[in-house]
Amino acid sequence: MTQYSYSKRPLLPALLLTALMTLAGSSCKSPYDRDYELDQFEVEYKDRDIISADQSGIEKDIHIITTLPQDKWTASTKSEWITLTSSADKVHVSVAPYSDFGARKGVIVIAYGHFSYSIQVEQTAGKQVDIQVLGTPESKQFYKTLPSKGGEVSVTVKSNTPITDVIIPDSCAWLTIKEKTVAGDETTFKISVPSSESVRDRFGTVYLYTSADISKVSSFAIKQLKRNYVRVPLSVDMVSTNAQEPNEGPIANLVNGNTNDYFHTIWSGSSPGGKPHHIAFALDTPIEDLKIEYSSRPNGDGGGDVKIADIYTSEVGGTDDANWTKVGTMTFPLPGGRKARVSSNERIQFDHPVKFIRFVPTARRNANPIDPSGSNGWFNMGEIYLWTSE
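Judged by nonpolar contacts, the single largest core of 29 residues is most densely connected at Ile279 and Phe359. Those elements that place two or more of their residues in this core are β20 (279-295), β21 (306-314), β24 (348-364) and β26 (384-389). Per-element tally for this core: the top contributor is β20, with seven residues. Residues within four places of isoleucine 279 in sequence aside, it is in contact with Ser240, Ile251, Leu254, Phe263, Ile357, Arg358, Phe359, Phe379, Met381 and Ile384. The next biggest cluster of nonpolar side chains, apart from the first, holds 19 residues, and it includes Phe101, Val129, Ile163 and Ile191.

Next up, the structure:
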């Protein structure tokens, strides 16, 4: 039979230890276990939207949900036309009536420490900007249409506030405000339009603004017609030269409409008086501008094709050089073959209508410059055509 042996221990110490452990477990807390009283501060969600007021103003409350005393938070604005009155749980907003041009905007800031709400305030204009372009426009798209030769146009605008800015886009830089005159509530603009070399119509818009309300804009458009050319009638009695070659190419061939013949200046002898060879025109009707086109001679190597020519005009015509004045220079692309037509790169605008014109070549295909002092001052061509703007 197995026997067990037991050691005897005092019962009281064990009970005491158990009690102490129980007490300790029920009364000790972690050093992080603390009681906090949280502050509450927020603007009611429905009051965070933009406050919109018309010109008569508005009264509105912004409700605050908070546990803080009133002196712990603030409500402020930098806009003098907005008045704020704070109480324990709301901010009363008063937007003053408005009678001026342009909408205005402000901000209300409601803050506690570094935490804040920003609420936008917008008020519509008390007066609307009214800018009217006076007069009857030529069409719905254009106030005025000008010819290719340009000119001036006056546009009068009536407005209930001064026009402070006139803007012409870079793409319309050919329009220039030449003069601005203000009389009461009307402003007249004189606009200068230069001549156009474009083969297409062009359009320009002038925009009018006022600092009272830059969102309001008025405008008017100018149309300029493309340059159209008409051929100047020429007959044999209207053309002459100072240097006809006696052996070929009479001057009459220039205007007979036949590109199978040609005109040639003197090569078989010296230039008369050592002067540059020229073609002179005595027109029936004066013209205001000029482009020249010619066809190359039908044969040869093209050495006589004109590259550069000076243009002279006269009030009386004739052979006296003292009566002629140089008014410009024309350059020509070289013809690509025989009987090919080329046109001057330039158009010469005269300062007044003219009837008497000289065409004086200074460079040809195989001579640049042409030297008229000997027998090498010649040039040739098949037909010549004068063009002027409609």
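Within a sheet, each strand pairs with its neighbour through backbone hydrogen bonds, oriented either parallel or antiparallel. The sheet built from four strands is open, its strands ordered β2-β8-β7-β4 with mixed pairing. Of all strands in the sheet, those bounded by a partner on one side alone are β2 (51-53) and β4 (74-77). When the angles between neighbouring strand axes are averaged without regard to direction, this sheet yields 20 degrees. Pairing geometry for β2 and strand β8 (residues 115-123), over three bridges, is parallel. Within β8, the position partnered with isoleucine 51 by the bridge is valine 121.

Here we come to the pairing of strand β3 (residues 58-66). One ladder, built from three bridges, connects strand β1 (residues 41-43) with β3; its direction is antiparallel. Each bridged residue has a counterpart across the sheet, and for glutamate 42 the counterpart in β3 is isoleucine 65. Across six bridges, the pairing between β3 and strand β6 (residues 90-95) is antiparallel. By the bridge assignment, lysine 60 is partnered in β6 with valine 93.

Analysis parameters
Residues numbered from 1 in each chain as written. Predicted model: local features only at pLDDT ≥ 70, side-chain atom pairs only at ≥ 80, totals over all residues. Heavy atoms only, no water. Core = buried A, V, L, I, M, F, W, Y, C linked by side-chain atoms within 4.5 Å. Buried < 20%, exposed > 50% of the residue type's maximum accessible area, 1.4 Å probe, protein only. Helix = DSSP H or I, 4+ residues; strand = E, 2+ residues; numbered from the N terminus. Contact = heavy atoms within 4.5 Å. Pairing = 2+ DSSP bridges. Axes fitted to C-alpha atoms, helices over the stretch in contact; angles between N-to-C directions.

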